[in-house]
Amino acid sequence: MCGIMGIVSKKEILPAVIDGLRALEYRGYDSVGVVWQSGEGLRVKRVVGRVDKLAGEMDPAATARSALGHTRWATHGAPTECNAHPHRDPSGRFAVVHNGIIDNYAELKQELLAQGATFSSETDTEVIAHLIARAYKGDLLAAVEEVLPRLVGVYALGVMCADEPELLIGARKGSPLTIGLGDGETMLASDVVPFLSHTRQACYLNDGEVAVLRPEGFEVRKEGKPLTPDIRTIEWSAEDAGREGYEHYMLKEIYEQPKALKTLIDARLSLPEKGLPRIHVPEEDIPDAALDTVKRIVLLAHGTAYHAAMIGRLLIERVARIPCYPEYASDFRYRNPIMEPGTLYVVITQSGETIDTLSALRLVKDTGHPTLALVNVPSSTMAREADYVFPLMAGPEIGVASTKAFTSMVAALYILALRFGIRRGTESEASLRRRAGDLLRVSSRMHEVLLKCDFLKDIALKYKDKEHFLFLGRGAGWPLALEGALKLKEISYIHAEGMNSSEIKHGPLALVDEEMPVLFITLKGERYDRLLSNLNEVKARHGRIIAIVSQDDEDIHQHADEVFRIHDDCGVMNSILCSAPLQLLAYHAAVARGCDVDKPKNLAKSVTVE
Ligand code: G6P
């Protein structure tokens, strides 16, 4: 993963590069470093830990007009200062920051060792600095272009040379890299968020491209030849990417869900006084005619997006009556999948960069099947490479634990299901109108749910010292249970398992005793009776029961220890409403346990290595 941030400017920019690294910490945060052009060559500062530590240890007198920084998520070599980026060649004149993995680095290192080179780190990146130094004949661009064909693997690179102080070079193959065009300064970063307070003019590099950055502008090249760059205006603003007074990004993003849902649903769906609901289809989305050939849908995703895909299967099969298969993208692509004609492949991804999902998308595209990306980050790699795009419009999501992107994914999948249902006439007009009404109501219901969520803080405090947690549900409640468990384990480090409650008696019931909190998603509706019997099975084994229940459920008190009520009149979209208490339970438990909510240990938000 790792985050890269560099600026070359007419002004002093060292603090701006360090601030930019803060905005990229979600990509990795085990160590951090920066290299800058001082009057006497390149200077480097690296620390194990976070950007704040680096900022605190910087020489206050240091200034620079050109600098490159890196926040690391370790792949090759432990998170030590020696392994932190930037890496330099032994002369110290060349510095490299890298996101990705160089697969043939051991071979390259052997070759360099045989020529007498000495290394100061265990990283794959250091070999690149050595190779560039050896290829340099007074022209950094030429040296980088000579070295790149020797690198096997994936990379986003930033390169500097002491002898060419007004120059930064970027190169991309497989890992994201973006250029920001400011006033008298040009920036290089892993995504646009660190640019937003400087500029909204950006150019996204494609694989195989090299960027040459100078204060007055940039050039993009491929195979040694210049290209015309595609400069776009970024839709997000600096305010969208700020914390706006919330203690954590995750909390802000949880509370942004009503707005995110409303933005998406209002843009895509309307319900006239009479007749069928209307779905609004932007140009980049799949055209109606292409929908008619679809016989089967495969949903490809990872992490939270995979849980959204599981709910998506239920929605699409129920409303559109099209067979639908959620798949982990990595499992799909490595098992030589059977790809039948008439299949629509949908990648679901917040970042648009997850390497396994991206690789599955490329595999599908190579076989000529249609691809649609449900993606939050506009102009991310998947948004650019998929045939069709369904933008999630949730705004920047910075907290590592995904929240608002999840609920927007579920809403988007329902809109997709409705679109098929309307076009194919799989349900009556009345039923489709009811579903559209559910969706149009969900944003205000989510707002109401969030208003009473303070109660979850008390529950979190009560259970925060438990070692294990179970989350159970059926139907849409099953993926929600998986998502609730994922949220809790990823940010509070409490071991949690989510499962289909029908599975409890096939083994996991053996875990239940008075020490085991069990959260049930028990809204009224189909399968309620079955859920209630599962709940009683747990109760009989003295499990501590927390239940998310329907507003008017009067009986549940006899069965559950803690009850969270939801005004559940949004049909199958009630699933979106249940996710808020799950997110907040995890949030408050993590805060109470003193965990770093936005940057959980060992994780990164955008997983761009396999
Ligand atoms: C990482 C993140 C998760 C996210 C998953 C998929 O594991 O920590 O929050 O759900 O990647 O990411 P994507 O950007 O493809 O939705």
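Note that this is a predicted model, so its numbers are computed, not measured. (Residues numbered from 1 in each chain as written. Predicted model: local features only at pLDDT ≥ 70, side-chain atom pairs only at ≥ 80, totals over all residues. Heavy atoms only, no water.)

S.K.: I tried to follow the sheet that holds strand β4 (residues 66-72) on my own but got confused; where do I start?
M.R.: Adjacent strands of a sheet pair through backbone hydrogen bonds, lying either parallel or antiparallel. Taking strand neighbours across the sheet as the criterion, the eight strands line up as β3-β2-β4-β1-β10-β9-β11-β15 in an open arrangement whose pairing is antiparallel. A single partner strand is all that each edge strand has here, and the edge strands are β3 (41-48) and β15 (231-233). If you compare each strand with its neighbour and ignore which way they point, the axes differ by 20° on average. Here strand β1 (residues 3-9) pairs with strand β10 (residues 185-189) via five bridges, running antiparallel. Across the sheet, the residue bridging to G6 is L188, located in β10. (Pairing = 2+ DSSP bridges. Helix = DSSP H or I, 4+ residues; strand = E, 2+ residues; numbered from the N terminus. Axes fitted to C-alpha atoms, helices over the stretch in contact; angles between N-to-C directions.)

S.K.: Can you help me understand the site of the ligand in this one?
M.R.: Lining the immediate environment of the ligand, one finds 13 residues, of which T304, T349, Q350, S351 and T354 sit closest. In this structure, an oxygen atom belonging to the ligand sits 2.6 Å away from a side-chain N or O atom of S351. Within the backbone of V400, a nitrogen or oxygen atom sits 3.2 Å from an oxygen atom of the ligand. Calculation on the ligand without its partners gives an accessible area of 390 Å², and the protein chains cover 88% of this total. Counting residues per element, the shell around the ligand draws most heavily on helix α9 (residues 303-320), at three residues. Split by residue class, the shell around the ligand holds four nonpolar, eight polar and one charged. (Near = heavy atom within 4 Å. Polar contact = N/O pair within 3.5 Å; in protein donor to acceptor, adjacent residues only side chain to side chain. Areas by Shrake-Rupley, 256 points an atom, 1.4 Å probe, with all protein chains shown as cover. Nonpolar A, V, L, I, M, F, W, Y, C, P; charged D, E, K, R; others polar.)

S.K.: In this structure, what is going on with the packing of helix α16 (residues 477-492) against helix α18 (residues 574-592)? I would like to understand it.
M.R.: Relative placement of two packed helices is described by the angle separating their axes and the distance separating the axes. Their axes nearest at 8 Å, the elements α16 and α18 cross at an angle of 20°. On the basis of the axis angle, α16 is roughly parallel to α18. For the crossing formed where α16 meets α18, the hand is right-handed. Only S575, C578, S579, L582, A586, Y587, A589 and A590 of α18 make contact with α16, whose side of the interface consists of L480, G484, K487, L488, I491 and S492. (Parallel < 35°, antiparallel > 145°, perpendicular 65-115°, else oblique. Left-handed = near helix turned anticlockwise from the far one by under 90°. Contact = heavy atoms within 4.5 Å.)

S.K.: Which parts of the structure should I look at to understand the pattern of salt bridges?
M.R.: Side chains carrying opposite charge are able to pair once their charged atoms draw close together. A full pass over the atoms with the stated rule returns 39 salt bridges. The shortest N-O distance in the salt bridge between E448 and R445 comes to 2.9 Å. Taken together, the residues span about one helical turn, with E448 and R445 both in helix α14 (residues 429-451) at a distance of three residues. Classification of E448 as partly exposed rests on a relative accessible area of 33%. Members of the salt-bridge network, linked through shared partners, are R268, D285, D288, D292, R419 and R423. (Salt bridge = Lys/Arg side-chain N within 4 Å of Asp/Glu carboxyl O. Buried < 20%, exposed > 50% of the residue type's maximum accessible area, 1.4 Å probe, protein only.)

Scope: geometric values only; no functional claims are made or implied.
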